[in-house]
Amino acid sequence: MPPIPGSGLAKGLAVTLRTMTKKTVTAQYPDTQPELPPRSRGVIGLFEENCTVCMLCARECPDWCIYIDSHKETVPPAAPGGRERSRNVLDRFAIDFSLCMYCGICIEVCPFDALFWSPEFEYAETDIHELTHERDKLREWMWTVPEPPALDPGAEEPKEIAAARKTADKLAAQQAQQAQQAQQAQQSEEGGTP
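Owing to the predicted nature of the structure, the values given are computational and were not obtained by experimental measurement. (Residues numbered from 1 in each chain as written. Predicted model: local features only at pLDDT ≥ 70, side-chain atom pairs only at ≥ 80, totals over all residues. Heavy atoms only, no water.)

Engineer: Would you take a moment to explain the sheet that holds strand β5 (residues 132–133) for this structure?
Structural biologist: Remark on secondary structure: sheet strands pair via backbone hydrogen bonds, oriented parallel or antiparallel. What the 3 strands build is an open sheet, ordered β2-β3-β5; its pairing is antiparallel. Only two strands of the sheet have a single neighbouring strand rather than two, namely β2 (66–75) and β5. As defined by bridge partners, β2 adjoins strand β3 (residues 85–96) across 10 bridges and the pair is classed as antiparallel. Paired with H71 across the strands is V89, a residue of β3. Across the face of the sheet, helix α4 (residues 135–142) comes into contact with β3 and β5 while running at roughly 80° to β3. (Pairing = 2+ DSSP bridges. Helix = DSSP H or I, 4+ residues; strand = E, 2+ residues; numbered from the N terminus. Contact = heavy atoms within 4.5 Å. Axes fitted to C-alpha atoms, helices over the stretch in contact; angles between N-to-C directions.)

Following this line, the structure appears as C-alpha coordinates:
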(Lines give C-alpha, C1' and ligand atoms only; values in the text may rest on other atoms or scores of the structure.)
Protein backbone atom coordinates (compact mmCIF):
# COMPACT_ATOMS: atom_id res chain seq x y z
CA MET A 1 0.00 0.00 0.00
CA PRO A 2 1.51 3.36 -1.01
CA PRO A 3 1.98 5.97 1.75
CA ILE A 4 -0.72 8.57 2.10
CA PRO A 5 0.41 11.91 0.72
CA GLY A 6 1.23 14.35 3.53
CA SER A 7 1.54 11.66 6.26
CA GLY A 8 5.14 12.66 6.93
CA LEU A 9 4.07 16.27 7.40
CA ALA A 10 1.30 15.19 9.78
CA LYS A 11 3.75 13.14 11.87
CA GLY A 12 6.17 16.06 12.05
CA LEU A 13 3.41 18.46 13.14
CA ALA A 14 2.28 15.94 15.79
CA VAL A 15 5.80 15.83 17.23
CA THR A 16 5.95 19.64 17.18
CA LEU A 17 2.61 19.99 18.98
CA ARG A 18 3.59 17.36 21.58
CA THR A 19 6.88 19.08 22.41
CA MET A 20 5.28 22.54 22.50
CA THR A 21 3.20 21.56 25.51
CA LYS A 22 6.12 20.14 27.52
CA LYS A 23 8.39 22.16 29.77
CA THR A 24 11.70 23.09 28.14
CA VAL A 25 14.85 21.34 29.31
CA THR A 26 17.28 23.95 28.07
CA ALA A 27 19.76 24.94 30.79
CA GLN A 28 19.98 28.70 31.11
CA TYR A 29 23.75 28.56 31.62
CA PRO A 30 24.87 32.00 32.70
CA ASP A 31 21.94 32.33 35.10
CA THR A 32 22.03 28.78 36.51
CA GLN A 33 25.24 26.83 37.00
CA PRO A 34 25.30 23.31 35.56
CA GLU A 35 25.42 20.21 37.76
CA LEU A 36 28.90 18.86 37.06
CA PRO A 37 29.92 15.24 37.58
CA PRO A 38 32.08 14.73 40.69
CA ARG A 39 35.29 14.05 38.74
CA SER A 40 34.92 16.65 36.01
CA ARG A 41 38.10 18.16 34.57
CA GLY A 42 38.03 21.92 34.63
CA VAL A 43 41.33 23.54 35.55
CA ILE A 44 44.43 22.32 37.38
CA GLY A 45 45.12 23.59 40.90
CA LEU A 46 48.58 23.67 42.52
CA PHE A 47 49.19 22.85 46.19
CA GLU A 48 52.55 24.59 46.33
CA GLU A 49 53.64 23.23 49.72
CA ASN A 50 53.73 19.68 48.33
CA CYS A 51 55.77 20.56 45.23
CA THR A 52 59.40 19.40 45.47
CA VAL A 53 60.34 20.61 41.97
CA CYS A 54 60.95 17.05 40.81
CA MET A 55 59.92 18.14 37.28
CA LEU A 56 58.01 14.90 36.59
CA CYS A 57 54.87 16.76 35.54
CA ALA A 58 56.77 18.95 33.06
CA ARG A 59 58.71 16.00 31.61
CA GLU A 60 55.63 13.80 31.16
CA CYS A 61 53.39 16.50 29.69
CA PRO A 62 52.79 15.61 26.02
CA ASP A 63 52.06 19.27 25.16
CA TRP A 64 55.00 20.79 27.06
CA CYS A 65 52.66 23.35 28.58
CA ILE A 66 54.09 23.29 32.13
CA TYR A 67 56.90 25.74 32.91
CA ILE A 68 58.93 25.28 36.09
CA ASP A 69 61.88 27.35 37.34
CA SER A 70 63.71 26.70 40.61
CA HIS A 71 66.96 27.26 42.44
CA LYS A 72 68.89 25.32 45.08
CA GLU A 73 69.11 26.50 48.67
CA THR A 74 71.41 25.22 51.37
CA VAL A 75 69.66 24.06 54.53
CA PRO A 76 71.60 24.08 57.81
CA PRO A 77 72.09 20.71 59.54
CA ALA A 78 69.16 19.46 61.62
CA ALA A 79 71.42 18.19 64.40
CA PRO A 80 74.83 19.44 65.62
CA GLY A 81 77.61 17.71 63.76
CA GLY A 82 75.36 16.97 60.76
CA ARG A 83 76.03 18.10 57.25
CA GLU A 84 74.30 20.80 55.28
CA ARG A 85 71.67 19.73 52.77
CA SER A 86 70.49 21.37 49.60
CA ARG A 87 66.89 21.54 48.50
CA ASN A 88 65.05 22.86 45.47
CA VAL A 89 62.99 26.01 45.92
CA LEU A 90 60.16 26.73 43.49
CA ASP A 91 60.53 30.07 41.69
CA ARG A 92 57.96 29.66 38.91
CA PHE A 93 55.25 27.14 38.18
CA ALA A 94 52.99 27.99 35.26
CA ILE A 95 50.57 26.08 33.04
CA ASP A 96 49.64 27.36 29.59
CA PHE A 97 45.98 26.35 29.26
CA SER A 98 45.93 27.45 25.62
CA LEU A 99 48.17 24.41 24.94
CA CYS A 100 46.87 22.02 27.61
CA MET A 101 44.75 19.13 26.34
CA TYR A 102 43.47 18.19 29.83
CA CYS A 103 44.84 14.67 29.68
CA GLY A 104 45.65 14.62 33.42
CA ILE A 105 49.04 12.95 33.04
CA CYS A 106 50.69 15.65 35.17
CA ILE A 107 48.26 14.99 38.01
CA GLU A 108 48.72 11.22 37.78
CA VAL A 109 52.54 11.27 37.78
CA CYS A 110 52.95 13.77 40.63
CA PRO A 111 54.34 11.63 43.48
CA PHE A 112 53.69 14.29 46.13
CA ASP A 113 50.05 15.22 45.37
CA ALA A 114 50.80 18.79 44.39
CA LEU A 115 48.41 18.95 41.40
CA PHE A 116 44.63 18.46 41.51
CA TRP A 117 41.64 18.76 39.18
CA SER A 118 39.27 21.59 39.96
CA PRO A 119 35.77 21.56 38.42
CA GLU A 120 36.01 25.27 37.60
CA PHE A 121 35.72 25.86 33.87
CA GLU A 122 34.98 29.58 33.60
CA TYR A 123 38.38 31.06 32.92
CA ALA A 124 38.04 32.26 29.36
CA GLU A 125 40.15 35.27 28.40
CA THR A 126 40.07 37.73 25.55
CA ASP A 127 43.86 37.51 25.14
CA ILE A 128 45.51 34.11 24.64
CA HIS A 129 48.56 35.22 26.66
CA GLU A 130 46.39 35.47 29.77
CA LEU A 131 45.68 31.72 29.61
CA THR A 132 49.14 31.06 31.05
CA HIS A 133 48.36 30.78 34.75
CA GLU A 134 51.23 31.41 37.14
CA ARG A 135 51.52 29.71 40.54
CA ASP A 136 49.48 32.38 42.36
CA LYS A 137 46.52 31.79 40.03
CA LEU A 138 46.97 28.00 40.23
CA ARG A 139 46.95 28.30 44.03
CA GLU A 140 43.62 30.15 43.87
CA TRP A 141 42.14 27.26 41.89
CA MET A 142 43.23 24.91 44.69
CA TRP A 143 40.48 26.23 46.97
CA THR A 144 37.83 25.07 44.50
CA VAL A 145 39.03 21.45 44.49
CA PRO A 146 36.31 19.24 46.00
CA GLU A 147 37.06 16.87 48.85
CA PRO A 148 37.87 13.33 47.78
CA PRO A 149 34.97 10.89 47.98
CA ALA A 150 34.58 8.99 51.22
CA LEU A 151 36.06 5.52 51.38
CA ASP A 152 33.75 2.58 50.86
CA PRO A 153 32.70 1.41 54.35
CA GLY A 154 33.02 -2.23 53.30
CA ALA A 155 36.48 -1.76 51.80
CA GLU A 156 39.60 -3.29 53.27
CA GLU A 157 41.68 -0.95 55.41
CA PRO A 158 44.77 0.39 53.58
CA LYS A 159 47.94 -1.48 54.57
CA GLU A 160 49.68 1.76 55.57
CA ILE A 161 46.96 2.56 58.10
CA ALA A 162 46.92 -1.02 59.38
CA ALA A 163 50.72 -0.96 59.88
CA ALA A 164 50.53 2.43 61.63
CA ARG A 165 47.70 1.21 63.88
CA LYS A 166 49.67 -1.94 64.78
CA THR A 167 52.72 0.16 65.71
CA ALA A 168 50.59 2.57 67.73
CA ASP A 169 48.92 -0.32 69.60
CA LYS A 170 52.32 -1.84 70.36
CA LEU A 171 53.62 1.51 71.64
CA ALA A 172 50.50 2.04 73.77
CA ALA A 173 50.91 -1.46 75.28
CA GLN A 174 54.56 -0.73 76.13
CA GLN A 175 53.64 2.58 77.74
CA ALA A 176 50.85 0.93 79.75
CA GLN A 177 53.26 -1.77 80.91
CA GLN A 178 55.88 0.82 81.92
CA ALA A 179 53.24 2.83 83.80
CA GLN A 180 52.09 -0.32 85.60
CA GLN A 181 55.67 -1.21 86.55
CA ALA A 182 56.29 2.35 87.79
CA GLN A 183 53.09 2.19 89.85
CA GLN A 184 54.10 -1.18 91.37
CA ALA A 185 57.58 0.17 92.17
CA GLN A 186 56.05 3.22 93.83
CA GLN A 187 53.66 1.04 95.88
CA SER A 188 56.51 -1.23 97.01
CA GLU A 189 58.56 1.82 98.07
CA GLU A 190 55.61 3.27 99.98
CA GLY A 191 54.84 -0.07 101.63
CA GLY A 192 58.50 -0.83 102.49
CA THR A 193 59.22 2.47 104.30
CA PRO A 194 58.00 2.70 107.92
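Engineer: Hey, could you run me through the UniProt feature "binding site: [4Fe-4S] cluster 1" (unreviewed entry) in the protein in this one?
Structural biologist: Residues given the UniProt feature "binding site: [4Fe-4S] cluster 1" (unreviewed entry) here are C51, C54, C57 and C110. Separation in sequence by 60 residues is not matched in space for these annotated residues, since their most distant C-alpha atoms are only 10.4 Å apart. Structurally, C51 is set in the loop between β1 (43–46) and α2 (56–60). Overall, the relative accessible area of 19% leaves C51 in the buried class. Ignoring any residue separated from it by four or fewer positions in sequence, one finds C51 in contact with L90, F93 and A114. Assignment of secondary structure puts C57 in helix α2. You can call C57 buried: its relative accessible area is 9%. (UniProt positions renumbered as here; feature names shortened; annotations may be inferred. Buried < 20%, exposed > 50% of the residue type's maximum accessible area, 1.4 Å probe, protein only.)

Engineer: Please explain a nonpolar patch on the surface as it appears in this structure.
Structural biologist: Nonpolar side chains collect at one region of the surface, where Y29, L36 and F121 lie side by side and expose about 250 Å² of accessible area between them. Tracing the backbone through its elements, the reader meets F121 in the loop between β4 (115–118) and β5. A residue is classified by how much of its surface remains accessible, and F121, at 37% relative accessible area, is partly exposed. (Patch = residues over 30% accessible without salt bridge, like charges linked within 9 Å, V, L, I, M, F, W, Y side chains within 5 Å. Areas by Shrake-Rupley, 256 points an atom, 1.4 Å probe, with all protein chains shown as cover. Salt bridge = Lys/Arg side-chain N within 4 Å of Asp/Glu carboxyl O.)

Engineer: Is there a simple way to explain the UniProt feature "binding site: [4Fe-4S] cluster 2" (unreviewed entry) in the protein in this structure?
Structural biologist: Per the UniProt annotation, the sites labelled "binding site: [4Fe-4S] cluster 2" (unreviewed entry) are C61, C100, C103 and C106. A maximum C-alpha distance of 10.6 Å is found for the annotated residues, which run over 46 residues; spatially they form one tight group. Secondary-structure assignment places C61 in the loop between α2 and β2. Within the element layout of this structure, C106 appears in helix α3 (residues 105–109). Among all residues touching C106, those that are not within four sequence positions of it are I44, C57, I66 and L115.

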